[in-house]
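# Residue-level structural notes
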Amino acid sequence: MQQVVVKEPGGLAKLSVQDVPEPVPGADEVLVQVAASSLNYHDLLVAEGAIPVADGRVPLGDAAGVVAAVGENVSAWQVGDAVMSVCFPHWQGGRPARDQLAFVGEHLDGFAAEYALVHQTGITRIPAGFSLEEAATLPCAGLTAWRALMTEGQLQTGESVLVQGTGGVSVLALQLAKSVGARVIATSSSDAKLERMRALGADECINYRATPEWGKEVLRRTDMQGVDHVVEVGGAQTFRQSAIAARMGGHIAMIGILSGASGEMNLPAIFYKQIRISGIAMASRATQEEMVRYLDTAIFRPVISDRFPLTALADAFAYQRAGRHLGKIVIQIGNGA
């Protein structure tokens, strides 16, 4: 079988395609024939060497595929089941503990491979009616958006949500928010991408290049009330505006650091407005199962921007780095989805 590994010291030119034997499941393991993965910002940092990993690490935290074989102690899964990965397979439920946060594709081998071994509790079923490619967009970005809005945010019909940019988390957050009847304001530096967000249901769109003080613009468009929820993916350079945009008693879900890992925080606004901040790094397997049950009856499907074969993984990362996508970049593996 083919797999891609990260060679020290990292960098897209160091990604290596290898031919290796197909693995055999142990007693408590499941062998998954991987059909598709999708790219996350964390995967890009691993591939570029910004997050150091063991030499020869198999990257990619997302996957969907079909069970190809099971170990003798496995009863929950059968050959032919359609499944998707769990990003933190040791975090089964409840509050996180440090020893539970081994991340697939960083601390553990990921899914840039035609076949992958996982513990029987390291996967869930995929939502009813979803293709394997669509399901492959969910374990990291979908689950992050779900926890931000539904678990931590307890999003209600009629509330308002601000999403930043047009990456996988933001697009899925938009779709989730609209599915419960929320009002959504989207920001981007591209008018063309904002038009696509509007087509996906965004009620208001703001070009943050044309309007650098977009927090004040959000206030203006909400009768000076602000939004109930901010899906904060920018980090250092966007948090101040997010605090301005949030309403009294609002919620900011801290998810990403696309604009930097540290910077000035608008502390007076947080205190005065009594903003609640949630740090979001995916979620547990139990939370993923909650998301799957919700999506069983969802009328939307994840937005797939572009597709690349596994052997062109470096090209896919370069495309991701260029920011040309809207939604998720899917990696087609093996016989595809």
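Use the structure listed above.
Per-chain numbering applies: the sequence of each chain, read as written, is numbered from 1 onward. Only residues with pLDDT of 70 or above have their local features reported here, since the model is predicted, and side-chain atom pairs are shown and tallied only from 80 upward, although totals for entire chains, interfaces and linings are computed over all residues. Computation of side-chain values covers all heavy atoms of the structure but excludes hydrogens and water.

All right, on to the packing of helix 3 (residues 138-151) against helix 4 (residues 168-179) then. At a minimum axis separation of 9 Å, helix 3 and helix 4 run at an interaxial angle of 50 degrees. With respect to helix 4, the element helix 3 is oriented oblique. Judged by the twist between their axes, the crossing of helix 3 over helix 4 is right-handed. Counting all contacts with helix 3, which are made through Leu-138, Ala-141, Gly-142, Thr-144, Ala-145, Trp-146 and Leu-149, the residues of helix 4 involved are Gly-168, Val-169, Leu-172, Ala-173, Leu-176 and Ala-177. Note on residue classes: Ala, Val, Leu, Ile, Met, Phe, Trp, Tyr, Cys and Pro are nonpolar, Asp, Glu, Lys and Arg are charged, and everything else, Gly too, is polar. For the contact of helix 3 with helix 4, the class distribution of residues is 10 nonpolar, three polar and no charged. Note on method: axes are straight lines fitted to C-alpha atoms, helices fitted across the in-contact stretch only, with angles between N-to-C directions ranging 0 to 180 degrees. Secondary structure elements follow DSSP: runs of H or I of four or more residues count as helices, runs of E of two or more count as strands, with numbering from the N terminus. To sort the angles, those under 35 degrees are grouped as roughly parallel, those over 145 as roughly antiparallel, those from 65 to 115 as roughly perpendicular, and the leftovers as oblique. In this scheme the crossing of two helices becomes right-handed for a clockwise turn of the near helix relative to the far one and left-handed for an anticlockwise turn of less than a right angle. In this analysis, two residues are considered to be in contact whenever any of their non-hydrogen atoms come within 4.5 Å of each other.

Side-chain pairs of opposite charge can arise whenever the charged atoms involved come near each other. For salt bridges, the criterion is a side-chain nitrogen of Lys or Arg within 4 Å of an Asp or Glu carboxyl oxygen. Evaluated as defined, the whole model comprises 16 salt bridges. In this structure, Asp-55 engages Lys-7 in a salt bridge whose closest nitrogen and oxygen atoms are separated by 3.3 Å. Of the two residues, Asp-55 sits in the loop between helix 1 (41-48) and strand 4 (64-70) while Lys-7 sits in the loop between strand 1 (2-6) and strand 2 (15-19), which places them 48 residues apart along the sequence. Residue class for Asp-55 comes out partly exposed when judged on its relative accessible area of 43%. Of the residues examined, Lys-7 reaches a relative accessible area of 29% and is grouped as partly exposed. Taken together, the shared-partner salt bridges connect Arg-183, Glu-204, Glu-217, Arg-220 and Arg-221 into one network. The classification of residues rests on relative accessible area computed with a 1.4 Å probe and restricted to protein chains. Under 20% of the type maximum is buried, over 50% is exposed, and intermediate values are partly exposed.

Right, let's talk about the layout of surface pockets for a bit. Over the atoms, a rolled probe matching the size of one water molecule traces out where space is still vacant. Definitions used for this entry: grid spacing 1 Å over protein atoms alone; cavity, a set of points where a 1.4 Å probe fits but cannot get out; pocket, an open set with protein on both sides within 12 Å along at least 5 of 7 lines; lining residue, one with an atom within 4 Å of a point. Grid points are joined across faces, edges and corners, and a volume is the space filled by probe spheres set on the points. Here the second largest pocket defines a volume of roughly 350 Å³. Forming the walls of the second largest pocket are 19 residues, and the residues nearest its centre are Leu-108, Asp-109, Phe-111, Leu-117 and Val-118.

Let us now look at the pairing of strand 9 (residues 183-188). Within strand 9, five of the six residues are buried, which leaves it mostly tucked inside the rest of the structure. At least two DSSP bridges between two strands are needed for those strands to be called paired. Note: strand 8 (residues 160-164) against strand 9, five bridges, orientation parallel. Across the sheet, Leu-162 pairs through a bridge with Ile-185, a residue of strand 9. Taking the sense of rotation as the criterion, the β-α-β connection linking strand 8, helix 4 and strand 9 turns out right-handed. The sheet contact formed by strand 9 and strand 10 (residues 204-207) spans four bridges and is parallel. With the strands pointing away from the viewer, any crossover whose connection runs clockwise from the first strand over the helix to the second is right-handed.

A pair of packed helices is characterised by two quantities: the angle between their axes and the separation of those axes. Two numbers describe how helix 3 lies on helix 9 (residues 285-295): the axes approach to 10 Å, and their chain directions differ by 85 degrees. Relative to helix 9, helix 3 is oriented roughly perpendicular. Residue-level inspection shows Leu-138, Pro-139, Gly-142, Leu-143, Trp-146, Met-150 and Thr-151 of helix 3 in contact with helix 9, the latter providing Thr-287, Gln-288, Glu-290, Met-291, Tyr-294 and Leu-295. In terms of residue class, the contact of helix 3 with helix 9 is made up of eight nonpolar, four polar and one charged.

Here we come to the side chain of Asp-228. As for its placement among the helices and strands, Asp-228 is situated in strand 11 (residues 227-232). Exposure remark for Asp-228: the relative accessible area of 15% places this residue in the buried category. Two N or O atoms form a polar contact when they lie within 3.5 Å of each other; inside protein one atom must be a possible hydrogen donor and the other a possible acceptor, and for residues adjacent in sequence the pair counts only when both atoms belong to side chains. Reaching out from Asp-228, the side chain makes a polar contact with the backbone nitrogen of Ser-160 at a distance of 2.8 Å. Setting aside residues no more than four positions away along its own chain, Asp-228 makes contact with Glu-159, Ser-160, Arg-247, Gly-250 and His-251.

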